[in-house]
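Residue-level structure breakdown
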Amino acid sequence: MARELGAIHTINPGKVDATAEIRAITSYGLNFALDTTGISSVIRSAVLAPMGACGILGASAMGTVINLDEVHFMSGGSCQRIRPSTSFSITTRPINSRRSALG
């Protein structure tokens with residue numbers, strides 16, 4: 001369905017290593033990622049480029065701990081819990097035109 005709706009790339013993590021595929025497609029990681037699962041291992045494995053941002057929309061189970069790599073945040077990256085009832089603004093920055101449409 002994603003291809004029918006115009007997706008340039010599709011990845012089935014049940015068949016391939018999604019992290020390796022994303023790195024192969026982008027060579028550096030994603031500028032933006034949106035997690036809808038709430039699964040800590042999925043959130044932790046977000047393949048973000050330096051200064052990339054991850055939005056977390058999925059609800060994790062009560063008491064779930066998510067360990068993230070601090071180096072990502074020290075290089076300007078961010079992670080934001082998104083709640084449907086919350087208003088938020090999006091800050092944009094110029095994106096290198098050589099980068100893939102994924103990021």
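Above: the structure in question.
Most of strand E2 (residues 48-56) is tucked away, with 7 of its 9 residues classed as buried. Bridge analysis of strand E1 (residues 30-35) against E2 gives 5 bridges, and the strand direction is parallel. In the sheet register, Asp35 faces E2, and the bridge partner there is Ile56. Alignment of E2 against strand E3 (residues 78-81), held across 4 bridges, turns out to be parallel. The residue bridging Cys54 from the neighbouring strand is Cys79, located in E3.

One open sheet accounts for 3 strands, arranged E1-E2-E3; its pairing is parallel. Whereas interior strands pair on both sides, the edge strands pair on one side only; in this sheet they are E1 and E3. Within the sheet, the average angular offset between the axes of one strand and its neighbour, ignoring direction, is 10°.

Within the secondary structure, Ala61 sits in the loop between E2 and helix H3 (70-74). Taking relative accessible area as the criterion, Ala61 reaches 56% and is therefore assigned exposed. The spatial distance from the C-alpha of Ala61 to the C-alpha of Gly38 is 7.7 Å, given a sequence separation of 23 residues.

Turning next to the nonpolar core. Of all hydrophobic cores here, the largest spans 8 residues; its members are Ile22, Leu30, Ala33, Ile43, Val47, Leu48, Cys54 and Ile56. Elements represented by at least two residues in this core include exactly E1 and E2. With sequence-adjacent residues up to four places away left out, Ile56 is seen in contact with Asp35, Ile43, Cys79, Gln80, Arg81 and Ile82.

Our focus in this paragraph is the environment of Met74. Examined against the element boundaries, Met74 turns out to sit in helix H3. Of the residues examined, Met74 reaches a relative accessible area of 62% and is grouped as exposed. Each C-alpha atom, one on Met74 and one on Met51, is 8.9 Å from the other, the two residues being 23 residues apart in sequence.

What counts and how
Residues numbered from 1 in each chain as written. Predicted model: local features only at pLDDT ≥ 70, side-chain atom pairs only at ≥ 80, totals over all residues. Heavy atoms only, no water. Buried < 20%, exposed > 50% of the residue type's maximum accessible area, 1.4 Å probe, protein only. Helix = DSSP H or I, 4+ residues; strand = E, 2+ residues; numbered from the N terminus. Pairing = 2+ DSSP bridges. Axes fitted to C-alpha atoms, helices over the stretch in contact; angles between N-to-C directions. Core = buried A, V, L, I, M, F, W, Y, C linked by side-chain atoms within 4.5 Å. Contact = heavy atoms within 4.5 Å.

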